[in-house]
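Geometric and topological summary
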Amino acid sequence: SFIAMAPTLKTLSFAGGEPTLSEFVLRALRYCVENNYAKNIVVFCSSNYTNLNKNFLELMPHYKRFELIASIDGFEKVQEYTRFPSKWEAIKKNYIRAKKYTIHPNVKIVMNITVTALNVLNLDKLLYWVDEQANTAPYFNYWPYNLNLLWTPYYQRIEYLPDHIKLEAIQRLRKYKETSTVLKEFVEMHGIVDVVINQLQSKEINDMDIEHGIKRFGSILQTLDTHRGASVNEYIPELGAIYYE
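What comes next is a walk through the structure. Treat the numbers as computed from the prediction; the structure is a model and nothing was measured. Per-chain numbering applies: the sequence of each chain, read as written, is numbered from 1 onward. A pLDDT threshold of at least 70 governs which residues receive local features in this predicted model, and a stricter bar of 80 or more applies before side-chain atom pairs are shown or counted, although totals over entire chains, interfaces and linings include all residues. Water and hydrogen atoms play no part in the side-chain values, which are based on all heavy atoms of the structure.

Turning to the overall build of the protein chain, a few remarks are in order. Only DSSP runs of H or I with at least four residues qualify as helices, and only runs of E with at least two residues qualify as strands; both kinds are numbered from the N terminus onward. Broken down by element type, the protein chain carries twelve helices and five strands. We compute the radius of gyration over the C-alpha atoms and compare it with the globule rule, which gives 2.2 Å times the number of residues raised to the power 0.38. In summary, the protein chain has a C-alpha radius of gyration of 20 Å against a globular reference of 18 Å for 245 residues, a match within 12%. Along the three orthogonal principal directions, the C-alpha set of the protein chain runs to about 60 × 40 × 30 Å. Residue exposure (1.4 Å probe, protein chains only): buried if accessible area is under 20% of the type maximum, exposed if over 50%, otherwise partly exposed. Each of the 245 residues in the protein chain was classed as buried or not, and the buried ones make up 50%. Every accessible area reported is derived by Shrake-Rupley at a probe size of 1.4 Å, with residue values counting cover from the shown protein chains alone. Accessible area for the protein chain stands at about 12,300 Å²; split by element, carbon and sulfur atoms hold 52% of it. In summary, the charge assignment counts Lys and Arg as positive and Asp and Glu as negative, without counting His or the chain termini. Taken as the charge location is NZ of Lys, CZ of Arg, CG of Asp or CD of Glu. Distance between charge centres in the protein chain, computed from 28 positive and 27 negative side chains, equals 8 Å.

Structure (structure tokens):
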């Protein structure tokens, strides 16, 4: 049982679903704090930041290290569409609230962004928003985000976009690189953004396969939109014309 293991635990990792809503996760974290085990434990917890509460957040500083990973993929409407039916205002509020706990050196907040065909064109807006948070105390002592390229399903990959969209995304990311305060502070992060730019420049996939991928994804999005009572045109109009042609 967890109680039997708790005295010897070195690492706890919570992911899948939404750990912050799990009664077991909250009870387990509280148990380790109350029994003085937390000081020896490193915690990794992934969250969509839609439902963070004070009881959960106040446990974090008691641990040897607590990394609260923000699984966020877009800014404002792009986030709300890619992670439907999330609400940006709630996510923003919770991120800012959680970040305040980084005044404790053992608490780390990092955004884990999965880059896809749906969000790459507006990725710079999300990164600029992180820049704004970086300029507000408590300041980041570590790089504040990671970028991960999506590989499956294939038609959601950033390579499966028309050339003009990819070129626009490259231009926006290059401008971000030139002006970002985060990248000035954490120079090594330039390579993270370059991975996305390099993938957008890839010529490994021919035009016919790209067209097929766009049609496949467009068909799926239209089905999803019908089910949700929403439309990609309302949330990401730059992509609506592509997937609804």
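Moving on to the pattern of salt bridges. By salt bridge we mean one thing: a side-chain nitrogen of Lys or Arg within 4 Å of a carboxyl oxygen of Asp or Glu. Counting across every chain of the model gives eleven salt bridges. Glu-89 is the partner of Lys-92 in a salt bridge, and the nearest nitrogen-oxygen pair spans 3.4 Å. Taken together, the positions of Lys-92 and Glu-89, both in helix H5 (residues 88–99) and three residues apart, correspond to about one turn of that helix. Using a relative accessible area of 25% as the deciding quantity, one classes Lys-92 as partly exposed. Arg-157 serves as the salt-bridge partner of Glu-159, at 3.0 Å between the closest nitrogen and oxygen. What you see here is one network of salt bridges that share partners, running through Glu-168, Arg-172 and Glu-238.

A word on the pairing of strand E5 (residues 145–149). Each regular strand carries side chains that alternate between the two faces of the sheet. Only one face of E5 is buried, namely the one carrying Tyr-145, Leu-147 and Leu-149, since none of Asn-146 and Asn-148 on the opposite face is buried. When strand E4 (residues 107–115) meets E5, the two strands line up parallel, connected through five bridges. In the strand pairing of E5, Val-115 is matched with Leu-149. Handedness of a crossover: with both strands directed away from the viewer, a clockwise path from the first strand across the helix to the second marks it as right-handed. Note on the crossover from E4 through helix H6 (residues 123–134) to E5: the handedness is right-handed. If DSSP finds at least two bridges between two strands, the strands pair.

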